[in-house]
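# Architecture at a glance
As a plain string of letters, each chain reads:
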Amino acid sequence: MKYTTVIFDWDGTVVDSTYVIVDSIKKASRELGLEEPSDRKASWVIGLSLPQALMEVVPGLTEQRMNDFIAAYRKYYFTADPDLKLFDGVLPLIKRLREQGLHTAVATGKSRFGLNQALENHGIGDLFDVTKTADQTRSKPHPLMLEEIFDELMVTPAECVMIGDTSHDIQMAQNAGCDSIAVSYGAHTLQEISKAEPSYIAHNVTELGHLLAMYSKKRAE
């Protein structure tokens, strides 16, 4: 079956924000007097629910200090957020999918506040039928985020594809029983996303568009 529904991760897939997330985690660590994680370790958390992710990558961070850390992280991130850019070609691609009659959705590890802010900054909230955030449901790689999208759009897993830049996105798709396209231009390395065994890999937005053109179809009215 060809896809009628295309689900996008946000950070590192739609928006070029990996470097800002990594930088914000490191700055928050310094502010709280904690050891900074490496760039690679900090980028590994992208796509996950923030509290879950931070406990895994910030040395010395405790649950008692989590609220202070998140407040510091958000201060740095949201200062830069209005200046973040969509990856070249992503906006025309999403518009083209909409014009072709496909469902489009977002499944992200961001908070609802963070995603709403980003959608407003870019003025593209109306380009998605459904958006799901980690604080509304379960964090990746649990499949609940995708399962809720399936239910709301009344589609089957077989007609959906998840697009993401991390192994967490690919594992979530596998857990939900749908196909996935990994993009290699985001947070995780090509080796990391290849190991997760996505259905397809796109090395840039042009390749992603070609794959979706080949494997998508207008949904039945």
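What counts, and at which threshold
- Residues numbered from 1 in each chain as written.
- Predicted model: local features only at pLDDT ≥ 70, side-chain atom pairs only at ≥ 80, totals over all residues.
- Heavy atoms only, no water.
- Pairing = 2+ DSSP bridges.
- Helix = DSSP H or I, 4+ residues; strand = E, 2+ residues; numbered from the N terminus.
- Axes fitted to C-alpha atoms, helices over the stretch in contact; angles between N-to-C directions.
- Contact = heavy atoms within 4.5 Å.
- Domains from an automatic or database assignment.
- Buried area = accessible area lost by both parts, 1.4 Å probe.
- Phe/Tyr/Trp six-rings, centres within 6.5 Å; stacked < 30°, edge-to-face > 60°.
- Buried < 20%, exposed > 50% of the residue type's maximum accessible area, 1.4 Å probe, protein only.
- Right-handed = clockwise from strand over helix to strand, strands pointing away.

## Describing the sheet that holds strand E1 (residues 5-8)
Strand-to-strand pairing in sheets goes through backbone hydrogen bonds, with the strands running parallel or antiparallel. Within the open sheet, the six strands sit side by side as E3-E2-E1-E4-E5-E6. Their pairing is parallel. With partners counted over all chains shown, the strands left at the sheet margins are strand E3 (130-133) and strand E6 (200-202), one partner each. For this sheet, the mean angle separating the axes of adjacent strands, direction not counted, is 20 degrees. As judged from the four bridges shared by strand E2 (residues 103-108) and E3, these two strands associate in the parallel manner. Along E3, the bridge assignment pairs Thr-108 with Thr-133. Packing against the sheet, helix H7 (residues 144-153) makes contact with E1, E2, E3 and strand E4 (160-164), and its axis sits at approximately 160 degrees to E3.

## Brief notes about the domain arrangement of the protein
Structurally, the protein comprises domain 1 (5-16 + 84-215) and domain 2 (17-82). Once you take the C-alpha centre of each, domain 1 and domain 2 turn out to be 22 Å apart. Facing 23 residues of domain 1, the contacting portion of domain 2 comprises 20 residues. Regarding the contact of domain 1 and domain 2, the summed buried area is about 1,700 Å², with carbon and sulfur atoms giving 50% of it. Of all residues in domain 1, Leu-84, His-168 and Ala-187 give up the largest surface area on contact with domain 2, accounting jointly for 32% of the area buried on that side.

## Quick notes on the packing of aromatic side chains
Counted according to the given criterion, the structure contains seven aromatic pairs. Considering the side-chain rings of Phe-8 and Phe-128, the 6.5 Å spacing of their centres and the 75 degrees angle between planes classify their relative orientation as edge-to-face. Highlighted residues: Phe-8 in strand E1 and Phe-128 in the loop between helix H6 (112-122) and E3, separated in sequence by 120 residues. Comparing Phe-8 with Phe-128, the two get one shared label, buried. Arranged with centres 5.5 Å apart and planes meeting at 85 degrees, the rings of Tyr-77 and Phe-78 form a pair that is edge-to-face. Residue classification places Tyr-77 among the buried residues on the basis of a relative accessible area of 2%. Given the relative accessible area of 23%, Phe-78 is considered partly exposed. A network of ring pairs unites the aromatic residues Tyr-73, Tyr-77, Phe-78 and Phe-113 as a single cluster.

## What about the pairing of E4?
In terms of residue burial, E4 counts as a mostly covered element, since five of its five residues are buried. Because side chains alternate across E4, one face comprises the buried residues Cys-160, Met-162 and Gly-164, and the other comprises Val-161 and Ile-163, equally buried. Direction of pairing for E1 relative to E4: parallel, over a ladder of four bridges. In the sheet register, Ile-7 faces E4, and the bridge partner there is Met-162. The β-α-β motif built from E4, the intervening helix H8 (residues 167-176) and the parallel element strand E5 (residues 179-183) has right-handed crossover chirality.

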